[in-house]
Amino acid sequence: MRTRFAPSPTGYLHLGHILAAKEAFGFGPCLLRIEDIDHTRCRPEYITAIYQDLHWLGFDWPLPVRVQSQHLEDYKAVIETLRARGLLYRCFKTRAQLAETPPAPLAPSDEKALLEDNAPFAWRLSIKKCRPLISAPLRYMDTNAYKTVAIETLSDIVLARKDIGTSYHIAVTHDDMAQNITHVVRGADFIDQTPYHVLLQHLMGWPTPAYHHHGLLLRNDGEKLSKRNLDTTIKSLRENSLTVAQVLDMASL
Ligand code: GLU
């Protein structure tokens, strides 16, 4: 058995992350992975702070840590494989256009014109093209219960973003395979992503790990904790002289 804790260094770790770390590290042998593919939001000082905060709290992990920004070529190769199989299409639409109409492949002549204009595009997964490749229901374990991917409810997600050329979905499924992760333990806020990950694993011939989505720490007003709630960063709690035991206790449901 092997699981992982996979924070993104887009800010300082807060209590919500520590709840997730407790769930993952408490589940079984656990790797640490830094999910930093988004160079527009991730910063090296946040990676250093992740190591410091986790060590301070007593977490330990085998080395080397997998840092996703060092593996961008691997993610590009996955996208190329799916693209070569005709499962992806270019999407030139802006956010505003997508609010009006759903994404869809363009007619070749329209696409050619946009490419000649050097218009930026994302690569989206065509669920329609995936369907013939699914002969039996895609099943996976989610917290000790079998679930089935309801393919008809899935949409054409972006697999290669305009700005970074890859996506969370590609990097996370690739690395769960590359690191032989058997159990993915992560927050309930990822529950809707899992069917897409199971579909990608099927398309790529990768094993599907078991999933467990844990509950989320909510603020008093019922909102999810996030890096916008700066008062709950581990850095500030430590600077305010809270003890390790107190912080670990606060990171509980
Ligand atoms: N990188 C994600 C985060 O920062 C976790 C993704 C996952 O566990 O699949 O919350």
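Just so it is clear, the structure is predicted and the values come from calculations on it, not from any experiment.

(A) How the structure looks around the overall build of the chain. When its secondary structure is counted, the chain shows 10 helices and 10 strands. For 253 residues, the compact-globule formula gives about 18 Å, and the C-alpha radius of gyration of the chain, at 20 Å, lands near that figure. Within the chain, the proportion of its 253 residues that are buried is 44%. Look at the contacts in the chain between residues 6 or more apart in sequence, and 78% of them connect residues 24 or more apart. As displayed, the chain has an accessible area near 13,100 Å², and 53% of this comes from carbon and sulfur atoms. The centroid of the 29 positive side-chain charges in the chain is displaced by 3 Å from the centroid of its 28 negative side-chain charges.

(B) Quick look at the pattern of salt bridges. With the rule as written, the count across this model stands at 16 salt bridges. Residues Arg43 and Glu45 are paired through a salt bridge, measuring 2.8 Å at the closest nitrogen-oxygen approach. For Arg43, a relative accessible area of 42% corresponds to the partly exposed category. For Glu45, a relative accessible area of 36% corresponds to the partly exposed category. Measuring nitrogen to oxygen at the nearest pair gives 3.1 Å for the salt bridge that ties Lys147 to Asp142.

(C) Quick look at the environment of Trp56. Note on placement: Trp56 falls in helix H2 (residues 44–56). We classify Trp56 as partly exposed; its relative accessible area is 27%. Along the chain, Trp56 and Thr10 lie 46 residues apart, while their C-alpha atoms are 20 Å from each other. When sequence neighbours within four positions are dropped, the list of residues in contact with Trp56 reads Ile234, Arg238, Leu242, Thr243, Val244 and Val247.

(D) Spotlight on the site of the ligand. With respect to spatial proximity, the complete set of residues near the ligand consists of Arg4, Ala6, Pro7, Ser8, Glu35, Tyr168, Val172, Arg186 and Phe190. Contacts to the ligand include Arg4, whose side-chain N or O atom sits 2.8 Å from an oxygen atom. At a separation of 2.8 Å, an oxygen atom of the ligand approaches a polar side-chain atom of Arg186. In isolation the ligand has 300 Å² of accessible area, and contact with the protein removes 84% of it.

(E) The arrangement of the sheet that holds strand S2 (residues 30–34) in detail. Strand order across the open sheet formed by three strands is S1-S2-S3, with parallel pairing between neighbours. What marks the edges here is a single partner per strand, and that holds for strand S1 (3–5) and strand S3 (66–67). Here S2 pairs with S3 via two bridges, running parallel. By the bridge assignment, Arg33 is partnered in S3 with Arg66.

The rules we used
Residues numbered from 1 in each chain as written. Predicted model: local features only at pLDDT ≥ 70, side-chain atom pairs only at ≥ 80, totals over all residues. Heavy atoms only, no water. Helix = DSSP H or I, 4+ residues; strand = E, 2+ residues; numbered from the N terminus. Rg over C-alpha atoms; globule rule 2.2 N^0.38 Å. Buried < 20%, exposed > 50% of the residue type's maximum accessible area, 1.4 Å probe, protein only. Contact = heavy atoms within 4.5 Å. Areas by Shrake-Rupley, 256 points an atom, 1.4 Å probe, with all protein chains shown as cover. Lys, Arg positive; Asp, Glu negative; His and termini not counted. Charge placed at Lys NZ, Arg CZ, Asp CG, Glu CD. Salt bridge = Lys/Arg side-chain N within 4 Å of Asp/Glu carboxyl O. Near = heavy atom within 4 Å. Polar contact = N/O pair within 3.5 Å; in protein donor to acceptor, adjacent residues only side chain to side chain. Pairing = 2+ DSSP bridges.

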